[in-house]
Amino acid sequence: MKSNRHFLLIPVYIGTVIFILIINGVFTGEVTSISNLAINLGFLVVMGILLGISLVSFIRLSHCTEELLYQAKQLKKEHENMDEKELCLDYLKRQDVFADEDLKEAFSKYQLCMKKYYTKRGFKNICDIEDYINEDLIDRIGKNFYNSNIPGTLTGLGILGTFLGLSMGLATFSGEDMITISDNMGPLLDGMKVAFHTSVYGIFFSLVFSFLYRAIMSDAYTKLEYF
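The structure presented is a predicted model; accordingly, all values stated were derived computationally and were not measured.

So what's going on with the state of the cysteines? Residues and values would help.
Taken as a whole and assessed by the stated rule, the structure comprises 1 disulfide. The cysteine C88 is free of any disulfide, with C127 supplying the nearest cysteine sulfur at 9.6 Å.

Okay, structure coming up:
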């Protein structure tokens with residue numbers, strides 16, 4: 001069964017954007033701080049780009065692992081009607097086993113390796129398919145080097161927003177008596193809103209992404225193992 005859990009990133013992101021617009025009064029026309037809204041949207045755009053890149057890699061990984069699953073089932077069916085040697089020779093000649101370029105390249109290398117060991121008497125040795133189609137290949141297709149750093153990056157952006165919001169608020173805060181301090185509380189609170197909001201959705205995205213990423217990679221490794 002095809003897994004589409006990576007698409008959960010889309011409604012989660014859209015829902016967060018709508019929530020931020022609501023609490024900033026965009027839909028009611030009661031925007032109290034343009035700078036607050038602009039900074040929040042800026043951070044959301046950056047996080048959206050990061051999540052978008054991850055989503056593209058997850059979609060490609062899903063297609064790749066589905067190919068592995070499909071081909072494993074095809075091999076199983078064909079093995080019922082052909083003996084092992086005949087089936088092996090048949091697959092050594094095929095050029096259309098996989099559509100994915102990385103899988104196609106890996107399988108081509110496996111074919112070349114097997115052909116070197118083939119003689120008229122049969123195979124004098126065999127190559128291990130796991131040397132070519134393995135977890136390293138899955139990690140490369142799924143951009144593991146990139147996605148493994150996304151949770152920390154999202155949390156870091158949330159913390160950056162926290163300090164930026166506090167800096168904004170403190171930069172405009174001044175006063176020597178209760179009256180002047182009271183007059184400057186508005187900008188301080190606006191800065192604190194930025195700090196709070198960016199931290200919340202930065203950590204929220206990080207937690208959601210971590211959960212989905214582990215589930216997606218676990219599913220990919222399971223399909224690879226089946227193949």
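Give a description of the nonpolar core that names residues and reports values.
It is characteristic of soluble globular proteins that their nonpolar side chains tend to be buried jointly. Formed by 45 residues in total, the largest nonpolar core has its most connected members in I133, I138, L154 and F209. Residue contributions to this core peak at 11 residues, all from helix α2 (residues 34-81). Apart from the residues lying within four places of it in its own chain, the contact partners of F209 are L9, L51, S54, F58, N147, I150, P151 and L154.

I'd like a description of the packing of α2 against helix α3 (residues 84-93), backed by residues and values.
It is the contact of α2 with α3, at a shortest axis distance of 10 Å, that shows an interaxial angle of 135 degrees. By the angle class used here, α2 and α3 are oblique. For the pair α2 and α3, the crossing hand works out as right-handed. Contacts from Q71, L75, E78 and H79 of α2 reach α3 at E84, L87, D90 and Y91. Each residue belonging to the contact of α2 with α3 can be placed in one class, and the counts come to 3 nonpolar, 2 polar and 3 charged.

An account of the environment of T222 is requested, with residue identities and associated values reported.
By the element assignment, T222 lies in helix α9 (residues 185-226). Expressed as a C-alpha distance, the spacing of T222 and T65, which sit 157 residues apart in the sequence, is 9.1 Å. For T222, the side chain forms a polar contact with the main-chain oxygen of S218, separated by 2.8 Å.

Basis of the calculations
- Residues numbered from 1 in each chain as written.
- Predicted model: local features only at pLDDT ≥ 70, side-chain atom pairs only at ≥ 80, totals over all residues.
- Heavy atoms only, no water.
- Disulfide = S-S within 2.5 Å.
- Core = buried A, V, L, I, M, F, W, Y, C linked by side-chain atoms within 4.5 Å.
- Buried < 20%, exposed > 50% of the residue type's maximum accessible area, 1.4 Å probe, protein only.
- Helix = DSSP H or I, 4+ residues; strand = E, 2+ residues; numbered from the N terminus.
- Contact = heavy atoms within 4.5 Å.
- Axes fitted to C-alpha atoms, helices over the stretch in contact; angles between N-to-C directions.
- Parallel < 35°, antiparallel > 145°, perpendicular 65-115°, else oblique.
- Left-handed = near helix turned anticlockwise from the far one by under 90°.
- Nonpolar A, V, L, I, M, F, W, Y, C, P; charged D, E, K, R; others polar.
- Polar contact = N/O pair within 3.5 Å; in protein donor to acceptor, adjacent residues only side chain to side chain.

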